[in-house]
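Chain by chain, the residues run as shown.
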Amino acid sequence: MARHKADQELDPEDDPGSALDPSVEGAPAPSVSHSELAKIVRKVGKTVGGDEELIALYDSDNVRFRIPYWIGTGAPDLDQKLGGGLAGGRVIEVFSRSESEGKSSFAASVAACCQRQGGVVVWFDSENTVLPEYFKDFGLDIENLIFAFCPTLESFFEVVEAFSKEFRQANADAPLLFVLDSVAAAQTASQEASDYDKPGVAAQARVISAALRKLTGILSVTQATLLLVNQSRTNIGVMFGDDNETPGGRAMKFYATQRVALRRAGKVTSDGTKDGKLIGIDVEAHIVKNKVAPPFKKSKFRLLFGRGVLYHSSAFDLLFRRGIISGGAAGRYTHVPTGETLYKKDFPSFLKAHPEVGFDIERQTALMDPEDMVAAVEPEITEETE
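Since we're looking at a predicted model, the values are computed, not measured. (Residues numbered from 1 in each chain as written. Predicted model: local features only at pLDDT ≥ 70, side-chain atom pairs only at ≥ 80, totals over all residues. Heavy atoms only, no water.)

A. A look at the pairing of strand β4 (residues 120-125). Burial analysis of β4 places five of its six residues in the buried class, which makes it a mostly covered element. Sheet topology places β4 next to strand β6 (residues 176-181); six bridges connect them, and they run parallel. Counterpart to valine 121 in the pairing with β6 is leucine 177. Sheet topology note: the β4/strand β5 (residues 145-147) ladder contains three bridges and is parallel. (Buried < 20%, exposed > 50% of the residue type's maximum accessible area, 1.4 Å probe, protein only. Helix = DSSP H or I, 4+ residues; strand = E, 2+ residues; numbered from the N terminus. Pairing = 2+ DSSP bridges.)

See the structure below:
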């Protein structure tokens, strides 16, 4: 039986990787001081084109190295699993496999949260399905909601670039959100000029790839957020694996900081019975990509027609998952800090009676899950046989 090389006892002096491990006692200190390194950074930066070409992290408060703000989704449990909400200054994609799974309603709830945070929303309705009066029920201030009537994708991206630069010069702190609903329905300039029978292969993909390549840096500097609402299509000829693909090419998958897939998990009726009046749906959100927090998490929330994401239901689930609310037998729960008994349906009135619980929800939304803070361990090495 042959032993794995890692099983053998090694002298740290003979291990070339020990010098890179900060946990190894006696690891060498940096050979260049911060002051010396800062001089090199400034000198090289000016030589190659400007002070912003090279930036030392320890000596900078540049907006590119932090999330300027988080935009809530209306579902605190989902916000917490996303890392605090939708990351500001980034590209976000929300999509689903089927119709009527809450994509536009979810985007409207995000827009309402952005406005409540003092932000501005620019909405591009390429599907021509939005009724502004209907948005009032989602909590949106339609008088301060900007609609972008852009005939093509190219013109929309031009609006994003120009508006974000002008807005940031006028207001340095407010969140700025652009919503494209949807990518699949948006046409390019070449498609607009062509006949109906012309296929226009990969026209969207080429435009979106070029636009995101340019806009990613602009969004970072202007701290503007781009929310792309997308649909799903079936790939013909796929025999194994997932045969669904989102329109617009693969560029969005790589440029997006966060990608959330929505799935309809059930129906909500007025009386809770199968034959009751349908008033909403239960949605399961799958975080398929997240570059600011651990990905591959799921969160359920309730979405009511004409109202959007139900905040209280998701907030209850967050507090229950974090141990602040316990129990559940026969539908009875206990709020641990106060010891009061409550039912989930009475949680909205409980929040009104205990305003401090709202602050607790905000605090829990910003905290990571304990399992995400586990220190990294060495992988287990198994013996190999010849």
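B. Structural view of unusual backbone geometry. The amide bond that connects aspartate 181 to the next residue, serine 182, takes the cis arrangement and shows omega of 5°. By secondary structure assignment, the location of serine 182 is in the loop between β6 and α6 (189-193). Unusually for a residue other than glycine, phenylalanine 296 sits at a positive phi of about 60°. Mapped onto the fold, phenylalanine 296 is located in the loop between β11 (278-290) and β12 (297-304).

C. Summary view of the packing of helix α5 (residues 153-170) against helix α7 (residues 203-222). Close contact between α5 and α7 brings their axes to 10 Å; oriented N to C, the two are set at 5°. Here α5 is positioned roughly parallel relative to α7, judged by the angle of their axes. The segment α5 lies against α7, with Leu153, Glu154, Phe157, Val160, Glu161, Ser164, Lys165 and Arg168 engaging Gln204, Val207, Ile208, Ala211, Lys214, Leu215, Ile218, Leu219 and Thr222. Of the residues assigned to the contact of α5 with α7, the class counts are nine nonpolar, three polar and five charged. (Axes fitted to C-alpha atoms, helices over the stretch in contact; angles between N-to-C directions. Parallel < 35°, antiparallel > 145°, perpendicular 65-115°, else oblique. Contact = heavy atoms within 4.5 Å. Nonpolar A, V, L, I, M, F, W, Y, C, P; charged D, E, K, R; others polar.)

D. Representation of the sheet that holds β6 within the structure. Taken together, nine strands build an open sheet; the order of strands is β5-β4-β6-β7-β3-β10-β11-β12-β13 and the sheet is mixed. Since the sheet does not close on itself, it has two edges, and those belong to β5 and β13 (308-309), each with one partner. Pairing of β12 with β13, which is carried by two bridges, proceeds in the antiparallel orientation. Residue pairing for β13: leucine 304 is matched across the bridge by glycine 308. The sheet strands contacting helix α3 (residues 103-116) are β3 (91-96), β4, β5, β6, β7 (224-230), β10 (258-269), β12 and β13, and the helix crosses β4 at an angle near 160°.

E. Molecular detail of the environment of asparagine 235. Its place among the elements puts asparagine 235 in the loop between β8 (233-234) and β9 (244-245). A relative accessible area of 35% places asparagine 235 in the partly exposed class. Once the C-alpha coordinates of asparagine 235 and glutamate 245 are considered, the two residues, ten residues apart in sequence, prove to be 6.5 Å apart.

F. Representation of α3 within the structure. Under the 1.5 Å per step criterion, the end-to-end length of α3 is 20 Å for 14 residues, consistent within 8% with the ideal 20 Å. Positive backbone phi, at 85°, marks glycine 118, one or two positions downstream of α3. (Expected span 1.5 Å × (residues − 1).)

G. Main features of the pattern of salt bridges. Within this structure, the stated rule accounts for ten salt bridges. Salt-bridge contacts for aspartate 77 lead to arginine 321; the nearest nitrogen and oxygen are separated by 2.8 Å. Note that aspartate 77 is positioned in helix α2 (residues 76-82) and arginine 321 in helix α9 (residues 311-321), a separation of 244 residues in sequence. Taking the relative accessible area as the measure of exposure, arginine 321 reaches 32% and is therefore partly exposed. Close ionic contact of glutamate 93 with arginine 259 constitutes a salt bridge, the shortest N to O distance being 2.7 Å. One end of the pair, glutamate 93, is in strand β3; the other, arginine 259, is in strand β10, with 166 residues separating them in the sequence. We classify glutamate 93 as buried; its relative accessible area is 1%. Given a relative accessible area of 9%, arginine 259 falls into the buried group. Within this structure, Asp77, Lys81 and Arg321 form a network of salt bridges that share partners. (Salt bridge = Lys/Arg side-chain N within 4 Å of Asp/Glu carboxyl O.)

Remember, this is a structural readout, not a statement about activity or role.
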